[in-house]
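The chain contents come next:
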There are 2 protein chains.
Amino acid sequence: MPTYQAPIEDTLFVLNDLLGFDRHNNLPGFADASPDVVEAILGEAGRIASEVLQPLNRVGDREGCHRAADGSVTTPPGFKDAYRTFREGGWGSLPFDPAYGGQGLPHTLSTAVSEFMSSANMAFAMYPGLTAGAIAAISAHGSDAQKQAYLPNMIEGSWTGTMNLTEPHCGTDLGLLRTKAVPQPDGSYAISGQKIFISAGEHDLSDNIVHLVLARIEGAPEGVKGISLFIVPKFILDADGKPGARNGVSCGALEEKMGIHGNSTCVMNYDAATGYLIGEANKGLRAMFTMMNEARLGVGVQGLAISEVAYQNAVTYARERIQGRSLAGAKAPDKKADPIIVHPDIRRMLMTIRAINEAGRALILWTALKGDLSHRAEAESERQAADDWMGLMTPVIKGVLTDKGFDNAVMAQQVYGGHGYIGEWGMEQFVRDARIAQIYEGANGIQALDLVGRKLGLNGGRAVQAFFAEVGQFCEENRGDEKLAPLTKGLKIGLNDLQQATMWLMQNAMAKPDNAGAASTDYMHLFGLVALGYMWGRMAKIAQDKIAAGANGQAEFLEKKLVTARFYMDRIMPESAAHLARISTGADSMMAMEADAF
Amino acid sequence: MPTYQAPIEDTLFVLNDLLGFDRHNNLPGFADASPDVVEAILGEAGRIASEVLQPLNRVGDREGCHRAADGSVTTPPGFKDAYRTFREGGWGSLPFDPAYGGQGLPHTLSTAVSEFMSSANMAFAMYPGLTAGAIAAISAHGSDAQKQAYLPNMIEGSWTGTMNLTEPHCGTDLGLLRTKAVPQPDGSYAISGQKIFISAGEHDLSDNIVHLVLARIEGAPEGVKGISLFIVPKFILDADGKPGARNGVSCGALEEKMGIHGNSTCVMNYDAATGYLIGEANKGLRAMFTMMNEARLGVGVQGLAISEVAYQNAVTYARERIQGRSLAGAKAPDKKADPIIVHPDIRRMLMTIRAINEAGRALILWTALKGDLSHRAEAESERQAADDWMGLMTPVIKGVLTDKGFDNAVMAQQVYGGHGYIGEWGMEQFVRDARIAQIYEGANGIQALDLVGRKLGLNGGRAVQAFFAEVGQFCEENRGDEKLAPLTKGLKIGLNDLQQATMWLMQNAMAKPDNAGAASTDYMHLFGLVALGYMWGRMAKIAQDKIAAGANGQAEFLEKKLVTARFYMDRIMPESAAHLARISTGADSMMAMEADAF
């Protein structure tokens, strides 16, 4: 059975040393997040993750959710109690507005916490995760009355939330959606239609479920310009604001999935359900994207989270399993064989996962901090720069860290040999769970198109130019540092490849848009390589500086950072040239065959 | 629900045009495999695959196998009838010795057939697949009496076979195995111990199960030099050679696996079971490797097979699912959206899978032909050269085509978006089934070590030098061909990278063996890139020559070969430089951390 220990030392290194969290304590919420408080919160979150959520991960997978004939859904054994513990601990309220009962702490901190929870039990963590997205959308677009009505209970956790976008014929292309909203005399709408793949759509964890539903008001324009967003509560609120009459929304079926069995993925049927318009009519997509961006970063966190727990268990197995002898001579001569961690190919897998995880954690928290700054920084210029980074990096984090997260789970499974294929060892569940993160909240191909087709050119390329300048400057500043030179050299090569690829796109994608589509996935991964490499450069510099200053009791931890940074440049960064080469060949051979010829 | 059509035209292209199958009709077995016969066999095999086996693929996954309290195991509904059809069609006997009831046809042909069967139902095809391995071992190492006793019924299919290597504490490192063999007065042995992960270990498809079991004769040397191979039939043969008394071997449990649920993967308990030594005492490993090499090629076939069926279904979905518009302008303006096959990123996935599959099929059948020639060619030099190729390419095919097969199944699943994650669409089963092929019959890291540590240096590097010369000569011969030049140029770059990597290994791995281990997986994949690229070069040349000669009604098929070859060089071959770069960094950063520091 797998185990999990939250990577608290590493998270604190990122928050304190890399991000200089306490430098921002002039900003709202940050003042409350002093180093002591942060450490205490992370420690307690880690404890809940290890002791409460992780033990339910396998039972959640095996037992799954069950739908009764009346459409009610029960979660796996233990989930209800665990959710109560989670809720009572206030874990769902960390980053939200104190005016509605939130703790007002930085999103950066709640992002770190959500990594731990997702490592321990991804299917479980999705319930509060979706609620958080719904809270964000209502906070940003709801009326004061809507906020008063829904936010306090959602933030407290006694009500949960969902996102309802997908329909059987319509996923990526929301312009095709058919769910109808008919205006009612009282100002509400009657919502009718079918939604599929609705995570946490129906379950027994909360007293009410607040569905956010995309639908088309009768007579609205076709396509994406005629879509509105509605609040559709499972129980309509009564005069006291308490869950009252059952609304006309129900779970028609549970999807039978590859993984995340502990989360209820529902077909939701809306049969003239009472809905309340949120934000402006026909502007629903914009409101929904508030949720989507939160959610996409959250999905990137899931990629990291599964990769981390898979890594930890693979390390344990590699230390305990004895098989064969080191090529460099027996390492455990007293035993019949050496532990398999002596074998370079096992190391290759472990170090690859480790190098992605630590840089991934840094990139996620770095970006989450930008998210906080985009709302809370004092200077408009700082808010804008932070928002630029956030927008640019969201598809990169979602696409790259979930692709890598899955690859890493597969690698960690491979360390187990045949045992990795057997359910009781738990590794195959990580692979099945990690797989969804590449698909939902916009399949990774869509993330790549978002990056290449939208984010690159936004505001005349302001965000990407700022990123290139920042990474280039870091390389330049540290070029003379003998010890860092191998790292900055590798990073600079990657950056040059990325800049060349960007130039190629500018020169070749305008006249022939298929060249952009053909390049998109490689470009996204190339971008990710450089962004992660930049994190390694920064972390290595800090580690080196701290060692020079006496290491403060962290010598071993800091030396490992330097080794892992070097491994990243040796073994992972070289992929950049292959991406550039592929991008530069354009779309010709990719698009030459007729559709019927496949 | 997925469907499957055997790729008969492509298989015939490989057999007839690439391999010139009928040029070998002077050799035993090949005379019977005239073009007409081959086409008829492939056609009928494709029909059985599509109509009999494929419809049972999902039920096999869902229902799985069941073990009763008495240790008996039932296969999924329909498997028994399907196996009867398979057996009565003589599909298990194609390549075996007519002296024992086989059809004596080339292994090349049965390899093509096994691809079809594995595409349709991998879990099912494993039952006869393991039997074929056991037949090979008994044929090569059994006494005449043993052959007489076991082969006819195994070849006919009324008895099946297994391989018993793995024990709970011992997988890759067979030197650790503990199963004991105690000599009995009658010349037999009493076998006691536990084996795990035994595919097809117990089931209801056959009248007897012939287990080939590795065990240690009492008093034998420690390690791999004290291992012997035994035949342990489920039912001991009576005086008439018929299944008689139940032997002391039983299924203690079924493993709960990630996939291939239709195949019974057993914990086998041997309790003083009667076993018969096969081959020499303490030489069991050599005998087992006869099976392993067959099996490894067969596992490579599974990688291709799943990739092919996943591809076919992804193409169908990409043609039927409408979502979004082509970046180059609407392609289906009469519909609300275009089919997703218009999107370059969908094409990227489909073309990648296609390019690997067609070259993979060519490489497998090319290598299977070498296997036939290594036994049947007239000249000793030809037999040796064929055996060299076979030995060199076995780990490459096993390791690379199963890694790519899994990646491709994941990509094909990705084409489906959210539907790919749902059981009823069948794509997630392909991913789960494909995963085992990277693990069993020697995890792919072991294949890489076999290539780098054993096969490269064998006979002074004779095999690898011959391969380099052959590929180099092909590039040289076609350098002047204007149309082929882009292909041969790409291939030549890959070959140069591979030769440089080989040189690096020669210079750096002797003094420091960890450098070989650290390079091994990248080296294997680099080797695979070049081998597959060589197949594309050859196939493109043939296609071009045939088009120049009038195409003989195959113009569209041949043009597609040229497009796909170009795609391979544009998009897949560029990976070679990254492999070389990684290999050249050596083991330092990979091995720097202490085992306890992870």
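What counts, and where the lines are drawn
- Residues numbered from 1 in each chain as written.
- Chains lettered and ligands numbered in written order.
- Predicted model: local features only at pLDDT ≥ 70, side-chain atom pairs only at ≥ 80, totals over all residues.
- Heavy atoms only, no water.
- Helix = DSSP H or I, 4+ residues; strand = E, 2+ residues; numbered from the N terminus.
- Rg over C-alpha atoms; globule rule 2.2 N^0.38 Å.
- Buried < 20%, exposed > 50% of the residue type's maximum accessible area, 1.4 Å probe, protein only.
- Contact = heavy atoms within 4.5 Å.
- Areas by Shrake-Rupley, 256 points an atom, 1.4 Å probe, with all protein chains shown as cover.
- Lys, Arg positive; Asp, Glu negative; His and termini not counted.
- Charge placed at Lys NZ, Arg CZ, Asp CG, Glu CD.
- Phe/Tyr/Trp six-rings, centres within 6.5 Å; stacked < 30°, edge-to-face > 60°.
- Lys NZ or Arg CZ within 6 Å of the ring centre and 35° of its normal.
- Salt bridge = Lys/Arg side-chain N within 4 Å of Asp/Glu carboxyl O.
- Patch = residues over 30% accessible without salt bridge, like charges linked within 9 Å, V, L, I, M, F, W, Y side chains within 5 Å.
- Buried area = accessible area lost by both parts, 1.4 Å probe.
- Polar contact = N/O pair within 3.5 Å; in protein donor to acceptor, adjacent residues only side chain to side chain.
- Nonpolar A, V, L, I, M, F, W, Y, C, P; charged D, E, K, R; others polar.
- UniProt positions renumbered as here; feature names shortened; annotations may be inferred.
- Least-squares fit on C-alpha atoms with pLDDT ≥ 70 in both.
- Core = buried A, V, L, I, M, F, W, Y, C linked by side-chain atoms within 4.5 Å.

A word on the overall build of chain A. Per the secondary structure count, chain A includes 17 helices and 11 strands. Here chain A has a C-alpha radius of gyration of 24 Å; the compact-globule value for 598 residues is 25 Å, and the two agree. Seen through its principal axes, chain A has C-alpha atoms that stretch 80 × 60 × 60 Å. Split into buried and exposed, the 598 residues of chain A put 64% on the buried side. Put simply, of all contacts in chain A between residues at least 6 apart along the chain, 73% involve residues at least 24 apart. Here chain A has roughly 20700 Å² of accessible surface; of this, 51% comes from carbon and sulfur atoms. For chain A, the centre of its 54 positive side-chain charges and the centre of its 68 negative side-chain charges are spaced 4 Å apart.

Let us now look at the packing of aromatic side chains. Residues and elements named next belong to chain A. Here the structure, examined in full by the defined rule, presents 41 aromatic pairs over all chains. Between the aromatic rings of tyrosine 317 and tyrosine 416, the centroid separation amounts to 4.2 Å while the plane-to-plane angle is 20 degrees, which identifies the pairing as stacked. One end of the pair, tyrosine 317, is in helix H7 (residues 284-320); the other, tyrosine 416, is in the loop between helix H9 (380-415) and helix H10 (427-437), with 99 residues separating them in the sequence. Comparing tyrosine 317 with tyrosine 416, the two get one shared label, buried. Among the aromatic side chains, those forming a connected cluster through ring pairs are Trp366, Trp389, Phe467, Phe468, Phe474, Tyr523, Phe527 and Tyr534. Taking the ring centre of tryptophan 389 as reference, the NZ or CZ of lysine 370 above it sits at 5.2 Å.

Time to look at the pattern of salt bridges. In total, this model carries 64 salt bridges over all chains according to the counting rule given. Arg348(A) is the partner of Asp345(A) in a salt bridge, and the nearest nitrogen-oxygen pair spans 2.7 Å. Placement of both Asp345(A) and Arg348(A) in helix H8 (residues 344-376) is noted, with a separation of 3 residues, approximately one turn of the helix. Accessibility expressed as a relative area gives 15% for Arg348(A), which makes it buried. Residues joined by salt bridges that share partners form a network here, namely Asp522(A), Arg571(A), Glu575(A), Arg582(A), Asp522(B), Arg571(B), Glu575(B) and Arg582(B).

Once that is clear, we can look at a negative patch on the surface. A surface patch of negative charge is lined by Glu9(A), Glu556(A), Glu594(B) and Asp596(B). Mapped onto the secondary structure, Asp596(B) falls in the segment after helix H18 (588-591). Among the residues examined, Asp596(B) registers a relative accessible area of 67% and is labelled exposed.

With 93 residues of chain A at the contact, the number on the chain B side is 92 residues. Carbon and sulfur atoms supply 57% of the area buried between chain A and chain B, which totals about 8100 Å² over both sides. Summed over the three residues of chain A that lose the most area to chain B, namely Tyr421(A), Arg571(A) and Phe598(A), the buried surface amounts to 12% of that side. Where chain A meets chain B, there are 8 salt bridges. Residues Glu575(A) and Arg582(B) are paired through a salt bridge, measuring 3.1 Å at the closest nitrogen-oxygen approach. Summed over the shared surface of chain A and chain B, the number is 60 residue pairs in polar contact (both at pLDDT 80 or more). Ranked by the residues each element gives to the side of chain A that touches chain B, the list is headed by helix H15 (residues 555-572) of chain A, at 8 residues. Across the side of chain A that touches chain B, the residue classes tally to 41 nonpolar, 22 polar and 30 charged.

This paragraph deals with the UniProt feature "domain: Acetyl-CoA dehydrogenase-like C-terminal" (unreviewed entry) in chain A. Within this numbering scheme, the UniProt entry marks residues 467-593 of chain A as carrying the feature "domain: Acetyl-CoA dehydrogenase-like C-terminal" (unreviewed entry). Spanning residues 467-593 of chain A, this segment combines 81% helix with 0% strand, and its end C-alpha atoms are found 37 Å apart.

Here the focus is the UniProt feature "domain: Acyl-CoA dehydrogenase/oxidase C-terminal" (unreviewed entry) in chain A. Within this structure's numbering, the places UniProt gives as "domain: Acyl-CoA dehydrogenase/oxidase C-terminal" (unreviewed entry) are residues 282-451 of chain A. Strand forms 0% of residues 282-451 of chain A and helix 74%; the C-alpha atoms that close the span are 25 Å apart.

On to the relation of the copies chain A and chain B. With an axial shift of 0.0 Å and an RMSD of 0.0 Å, the rotation relating chain A to chain B amounts to 180 degrees. The relationship between the two copies is best expressed as a two-fold rotation axis. Within chain A, Ala578(A) has its C-alpha nearest the rotation axis, a separation of 3.2 Å.

The subject of this paragraph is the nonpolar core. If you look at the biggest cluster of nonpolar residues, it comprises 410 residues, and the most contacted ones within it are Phe467(A), Tyr523(A), Phe527(A), Phe467(B), Tyr523(B) and Phe527(B). Look past the residues within four positions of Tyr523(A) in its chain and what remains in contact with it is Leu451(A), Val452(A), Leu456(A), Val464(A), Phe468(A), Leu498(A), Ala501(A), Thr502(A), Leu505(A) and Ile583(A).

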